[in-house]
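Given next are the chains, with one letter for each unit.
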Amino acid sequence: MKLRNQIWKDNVTGYLFIMPQLLLFLLFIVYPILEGIRLSLYKVQYKQETFVGFDNYITLFHDPVFFKSIVNTVVFVVFIVILTVGFALFVSSAVFDKNAKYVSFIRGSYYIPVMVSMVVMSMVWGFLLNPANGLISYGAREMHLSTFNLLGNKNTVLPVVIFVTFATNVGQAIILYIASMIGVPKDLFEAAEVDGASRLRVIFQILIPLVKPTTIYITIINIIAVLKIFVVIQMLTGGGPNNATVTMMYYLYNNAFKYNQLGVASAVGVIMFIITLLLSVPQLRAMFKEK
Amino acid sequence: MFNNCKRMSTIASFLLVIALLAGCSGKSADTDTSQNEGSKASGKKKVEIALWLTPQWKGVFDATEPDADYDSFFKYAADKFAKQYDKYDAKVNVQVVAGDQRDELLNVNLNGGTPPDIFFESVFAMGDYAHRGALVPLNDIVDDAAKQDIDQGYWDNVTYGKDKEIYFYPFSHNPGTLAYNADMFRAAGLEKEIGGENEIKTWTLDEYNNILKTLKEKLPKNTYPMGLYALNNQGDTWNLAYLRSFGSTFFDNNGSIALDDDKGVKAAAWMKSIYDAGYTNPGAESVSSNDANAMFQNQQLAISFTNSILFNNAKADMKAGKSQKFDIRLANIPSESGNPLAFTYVVGASVFKTGDAVKTEVAKDFVKFFSSDPELVKASKNSVPVRSSVVKELKDQYPLFAAYDANAPNMFSFTGNVPGYSELRQVLYPELQAMYVGEKTPEQAVKDYQSKGNAVIQKARENSVIK
């Protein structure tokens, strides 16, 4: 009993220090998750809540737009993450060992779009791509390319959204990669040089394997970020044409705030939470294993 | 020494937690204090209410007033109300919200328990909130004088259910028509199709098709005959009107959508045909009504949608030198039968159930005040007054009132007074987008709209609190 009291006394300060963070975590993260799970089982009408079991989930699985939103989200995640990791690796491996000022310039250039709000970026792209009076459409008409509407064609709208999101995100990945590559021990490169290895071989056999933890980290944060892709859809396409760019987050938003179907929206949220969890667990495990 | 440090850090941690908790509740405490102080000073209890509105007219009475803005009228009305109000020391906080953000804002605030006390908006966009039980009936503030001064047709628009509960106090109405650039018509040699300055010109559908064709041939590059849009639900009433242009009644007697017939399909096919022929701006599927309106004001479109407020604002902007001047005139939406398609938005205030009896009382009193004060109701001239007394007084100054009045027999109710209208609006534009991009035929788009729309109406009917 005395010993237990002693352990408690020794640790109480530590617990008190983490308590504010723990309280905020419980209040703003855990409670909303639990409340979201609860709401997904209810039909919410203004001030009245009715328990409906899994009806909201059944409604979702009968809605073709929901399936379209899952497919679109997966397409965005796959392409944006591959593009981001691939391009960031390419740029970083090309510049990391160059003059420090040059590296800073490259880092700064790619990081500028990250600092600009996604809303602003989407609006600027919206102005450029507006089919009636946008700059790109105007240029296309001047070059006699007839009607040119990248946002109105379901084959081009996905690549446009992918490009806009990728262009905004890639700066963060480049910063992380350059920092990680600068930290790779120089003697490895010197040894490779002595052995007569080409730069391509150095990149693929020394650099990329040694920055693997960074690659895993960038992949995880990008997957989680792109799963929640919303702003660019809301500002640029409104989910159109004919739901061609609806993502799960946009579908959730529509149900929650436009159709006032809080139960259905919560069900989408729960499904997104489960998907994110399933995707993250193996990746996190791999990351911790590496460490 | 070590123990002292430990004790200090323990105390510091507690203080941090307490400070955080205090921070969360600090705001409400401050508000209470300021309210109490206010009450003491004036001798009356201070009550603050929130009024939200979507952009209507600028200025108190006229858009040409200095510093005219969308909230000018309500700020003036609130000031006048506070000076003569003897029950409480009332303060009205006026906030203008974007039309396309209205439902998002209201849903978030309703679910968070912080709805505005009053919302001033077109009735059609707010009907769902009455069905959801979020609004307070206003029967007790509508007196016989108001009932006599405002035509029964407007009261029908705002009265719901068997109990004849009035949820909106009609202030003005806002007829929807087309606007055209008479200068561009002249440049294309279409002088004979131009109506009078105070006329709402009626064309037959054949004449209209011919106008579009001529404009297409004669207009310079990068200008288009007509505005067409389907990016979102904004301005969708004109799309609904076009879908009636071959005689479809749109709704059946049971309040279900009945567009999927020969007339409805023909109308959808006509919309697609004018789009394909290049008679409209390109990319209708990704153009919004705001874009179309801006293009019309920039003289990139010869014909566009308008309503009386947009029309007056456009004229005021031209007069103030804020936009290019051109000869802007009105026309009806044409139909195959030759009878114009006319609709109007009744605009008025509704009071939300906030759960605070005092605020609800003040909100109702304020709504009654600005909707019936002889001076303030004259602001309804910015669209079209619903009060016969105001029309009578101002008709000589505003000759278009008579033109709008002449359209009354051709009016159709575009909402069909069906429940779930807000969600129903979200169903139409994706189908139009699919039709314009060629993903669906007009037949398929109409069919899918009808089945999806009827499912929305059915669900909303089951959930409605109004019987």
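- Looking up chain B in an unreviewed UniProt entry gives the name Extracellular solute-binding protein, with the organism given as Paenibacillus terricola.

- By the naming in an unreviewed UniProt entry, chain A goes by Sugar ABC transporter permease and is assigned to Paenibacillus terricola.
- Heading Subcellular location (unreviewed entry) of the UniProt record for chain A holds this comment: "Cell membrane".

### Side note on the overall build of chain A
Here is step 1 of the chain: Along chain A, the regular secondary structure elements total 13 helices and two strands.
Here is step 2 of the chain: A compact globule built from 291 residues should have a C-alpha radius of gyration of about 19 Å, whereas chain A, at 24 Å, is more than 25% larger.
Here is step 3 of the chain: Taking the principal axes of its C-alpha atoms as reference, chain A extends roughly 85 × 75 × 30 Å.
Here is step 4 of the chain: For chain A, the proportion of its 291 residues judged to be buried stands at 42%.
Here is step 5 of the chain: Excluding contacts between residues fewer than 6 apart, the proportion of contacts in chain A whose partners are at least 24 apart in sequence is 67%.
Here is step 6 of the chain: Carbon and sulfur atoms provide 71% of the accessible area of chain A, an area that totals close to 16000 Å².

### Things to note about the confidence of the model for chain B
Here is step 1 of the chain: The share of residues in chain B with pLDDT of 70 or more is 91%, and the mean pLDDT across the chain is 88.
Here is step 2 of the chain: Within the model, the stretch residues 16-38 of chain B combines pLDDT values under 50 with nine contacts to residues more than four positions away or in other chains.

### A word on the pairing of strand β2 (residues 48-51) of chain A
Residue and element names in this part refer to chain A.
Here is step 1 of the chain: Relative to β2, strand β1 (residues 42-45) runs antiparallel, the two sharing four bridges. Note that in β2 the partner of Val44 across the bridge is Glu49.
Here is step 2 of the chain: As consecutive antiparallel partners, β1 and β2 are separated by two residues, and within that stretch Tyr46 has a phi angle of approximately 45 degrees, a positive value.

### Points about unusual backbone geometry
Here is step 1 of the chain: Although it is not a glycine, Asn243(A) adopts a positive phi angle of roughly 65 degrees.
Here is step 2 of the chain: The residue Asn243(A) is located in the loop between α11 (231-237) and α12 (248-258) in this model.
Here is step 3 of the chain: Phi is positive for Asp67(B), close to 55 degrees, though the residue is something other than glycine.
Here is step 4 of the chain: By the element assignment, Asp67(B) lies in the loop between β1 (46-53) and α2 (72-84).
Here is step 5 of the chain: With a relative accessible area of 75%, Asp67(B) lands in the exposed category.

### Focus: the UniProt feature "transmembrane region" (unreviewed entry) in chain A
All names here are of chain A.
Here is step 1 of the chain: Look at the UniProt record and you will see "transmembrane region" (unreviewed entry) annotated at residues 12-34, 70-96, 108-128, 157-179, 216-239 and 259-281.
Here is step 2 of the chain: Structurally, residues 108-128 comprises 90% helix and 0% strand, and the distance from its first C-alpha atom to its last is 24 Å.
Here is step 3 of the chain: Taken end to end, residues 157-179 is 100% helix and 0% strand, and its first and last C-alpha atoms sit 34 Å apart.

### Digging into helix α4 (residues 123-131) of chain B
Residue and element names in this part refer to chain B.
Here is step 1 of the chain: Most of α4 sits inside the fold, with nine of its nine residues counted as buried.
Here is step 2 of the chain: Along α4, the positions that sit buried rather than exposed are Val123, Phe124, Ala125, Met126, Gly127, Asp128, Tyr129, Ala130 and His131.
Here is step 3 of the chain: With its phi angle positive at about 80 degrees, Gly133 sits one or two positions after the end of α4.

### What about the interface of chain A and chain B?
Here is step 1 of the chain: Residue-level contacts link 40 residues of chain A with 44 residues of chain B.
Here is step 2 of the chain: Between chain A and chain B, a total of about 3600 Å² is buried, with carbon and sulfur atoms accounting for 52% of that surface.
Here is step 3 of the chain: Here chain A is connected to chain B by two salt bridges.
Here is step 4 of the chain: Residues Lys154(A) and Glu439(B) are paired through a salt bridge, measuring 4.0 Å at the closest nitrogen-oxygen approach.
Here is step 5 of the chain: Taken together, the links from chain A to chain B amount to eight residue pairs in polar contact (both at pLDDT 80 or more).
Here is step 6 of the chain: At the level of secondary structure, the elements contributing two or more residues to the side of chain A that touches chain B comprise α1 (2-39), β1, α6 (135-142), α11 and α12 of chain A.
Here is step 7 of the chain: A per-element tally of the side of chain A that touches chain B places α1(A) first, with eight residues.
Here is step 8 of the chain: In terms of residue class, the side of chain A that touches chain B is built from 16 nonpolar, 15 polar and nine charged.

### A word on a nonpolar patch on the surface
Here is step 1 of the chain: There is a patch of nonpolar side chains on the surface, built from Leu22(A), Leu24(A), Phe25(A), Leu26(A), Leu27(A), Phe28(A) and Ile29(A) and spanning about 640 Å² of accessible area.
Here is step 2 of the chain: The topology assignment puts Leu22(A) in helix α1.

### What about the environment of Pro374(B)?
Here is step 1 of the chain: Locating Pro374(B) in the fold gives a position in the loop between α13 (357-372) and β12 (384-385).
Here is step 2 of the chain: Separated by 15 residues in sequence, Pro374(B) and Ser389(B) place their C-alpha atoms 9.4 Å apart.

### Quick notes on the confidence of the model for chain A
Here is step 1 of the chain: Averaged over every residue, the pLDDT of chain A is 89; residues scoring 70 or more account for 97%.
Here is step 2 of the chain: Per-element confidence in chain A is highest for helix α3 (residues 64-95) of chain A, whose mean pLDDT is 94, and lowest for α6(A), whose mean pLDDT is 82.

### Digging into helix α10 (residues 212-227) of chain A
Here is step 1 of the chain: Given a rise of 1.5 Å per residue, 16 residues ought to cover 22 Å, and the 22 Å separating the end C-alpha atoms of α10(A) matches this to within 8%.
Here is step 2 of the chain: Listing the buried residues of α10(A) in full gives Thr214(A), Thr215(A), Ile216(A), Ile218(A), Thr219(A), Ile220(A), Asn222(A), Ile223(A), Val226(A) and Leu227(A).

### Remarks on the nonpolar core
Here is step 1 of the chain: Ranked by size, the top nonpolar core spans 148 residues in total, and within it Phe73(B), Phe185(B), Ile303(B), Phe366(B) and Phe370(B) carry the most contacts.
Here is step 2 of the chain: Not counting residues up to four positions away in its chain, the partners in contact with Phe370(B) are Leu51(B), Phe73(B), Phe74(B), Ala77(B), Phe120(B), Phe171(B), Ala349(B), Leu376(B) and Val377(B).
Here is step 3 of the chain: Formed by 64 residues, the second largest nonpolar core is a distinct cluster that contains Leu39(A), Leu60(A), Val164(A) and Ile229(A).

### Observations concerning the environment of Leu243(B)
All names here are of chain B.
Here is step 1 of the chain: Relative to the helices and strands, Leu243 is located in the loop between α9 (236-242) and α10 (262-276).
Here is step 2 of the chain: The class for Leu243 is buried, based on a relative accessible area of 2%.
Here is step 3 of the chain: Once the C-alpha coordinates of Leu243 and Leu376 are considered, the two residues, 133 residues apart in sequence, prove to be 37 Å apart.
Here is step 4 of the chain: Residue contacts for Leu243: discarding those within four places in its chain leaves Ser248, Phe250, Leu259, Gly264, Ala267, Ala268, Met271 and Leu428.

### Regarding the pattern of salt bridges
Residues and elements named next belong to chain B.
Here is step 1 of the chain: For the structure shown, the criterion picks out 30 salt bridges over all chains.
Here is step 2 of the chain: Arg329 is paired through a salt bridge with Asp327; the nearest N and O atoms lie 2.9 Å apart. Of the two residues examined, Arg329 and Asp327, each falls in the buried class.
Here is step 3 of the chain: The shortest N-O distance in the salt bridge between Lys452 and Glu431 comes to 2.7 Å. Here Glu431 lies in helix α16 (residues 421-436) and Lys452 lies in helix α17 (residues 442-463), a separation of 21 residues in the sequence.
Here is step 4 of the chain: Since its relative accessible area comes to 2%, Glu431 is described here as buried.
Here is step 5 of the chain: What you see here is one network of salt bridges that share partners, running through Asp183, Arg186, Asp327 and Arg329.

### Quick word on the pairing of strand β9 (residues 301-307) of chain B
Put simply, side chains in a regular strand alternate between the two faces of the sheet.
Residues and elements named next belong to chain B.
Here is step 1 of the chain: For β9, the buried fraction is high: seven of the seven residues fall into the buried class.
Here is step 2 of the chain: Where strand β6 (residues 169-181) lies against β9, five bridges are found, and the strand directions are antiparallel. Within β9, the position partnered with Leu178 by the bridge is Phe305.
Here is step 3 of the chain: As defined by bridge partners, strand β8 (residues 224-226) adjoins β9 across two bridges and the pair is classed as parallel. When the bridges of β9 are listed, Tyr224 appears paired with Leu301.

### Some details on the packing of α10(B) against α16(B)
Residue and element names in this part refer to chain B.
Here is step 1 of the chain: Close contact between α10 and α16 brings their axes to 10 Å; oriented N to C, the two are set at 50 degrees. Comparing the axis directions of α10 and α16 gives the class oblique. The chirality of how α10 crosses α16 is right-handed. Residues Ala268, Met271, Lys272 and Tyr275 of α10 form the contact with α16, whose participating residues are Leu432, Met435 and Tyr436.
Here is step 2 of the chain: The class makeup of the residues in the contact of α10 with α16 is six nonpolar, no polar and one charged.

Here is what the cut-offs are and how they apply
Residues numbered from 1 in each chain as written. Chains lettered and ligands numbered in written order. Predicted model: local features only at pLDDT ≥ 70, side-chain atom pairs only at ≥ 80, totals over all residues. Heavy atoms only, no water. UniProt positions renumbered as here; feature names shortened; annotations may be inferred. Helix = DSSP H or I, 4+ residues; strand = E, 2+ residues; numbered from the N terminus. Rg over C-alpha atoms; globule rule 2.2 N^0.38 Å. Buried < 20%, exposed > 50% of the residue type's maximum accessible area, 1.4 Å probe, protein only. Contact = heavy atoms within 4.5 Å. Areas by Shrake-Rupley, 256 points an atom, 1.4 Å probe, with all protein chains shown as cover. pLDDT = per-residue confidence, 0-100. Pairing = 2+ DSSP bridges. Buried area = accessible area lost by both parts, 1.4 Å probe. Salt bridge = Lys/Arg side-chain N within 4 Å of Asp/Glu carboxyl O. Polar contact = N/O pair within 3.5 Å; in protein donor to acceptor, adjacent residues only side chain to side chain. Nonpolar A, V, L, I, M, F, W, Y, C, P; charged D, E, K, R; others polar. Patch = residues over 30% accessible without salt bridge, like charges linked within 9 Å, V, L, I, M, F, W, Y side chains within 5 Å. Expected span 1.5 Å × (residues − 1). Core = buried A, V, L, I, M, F, W, Y, C linked by side-chain atoms within 4.5 Å. Axes fitted to C-alpha atoms, helices over the stretch in contact; angles between N-to-C directions. Parallel < 35°, antiparallel > 145°, perpendicular 65-115°, else oblique. Left-handed = near helix turned anticlockwise from the far one by under 90°.

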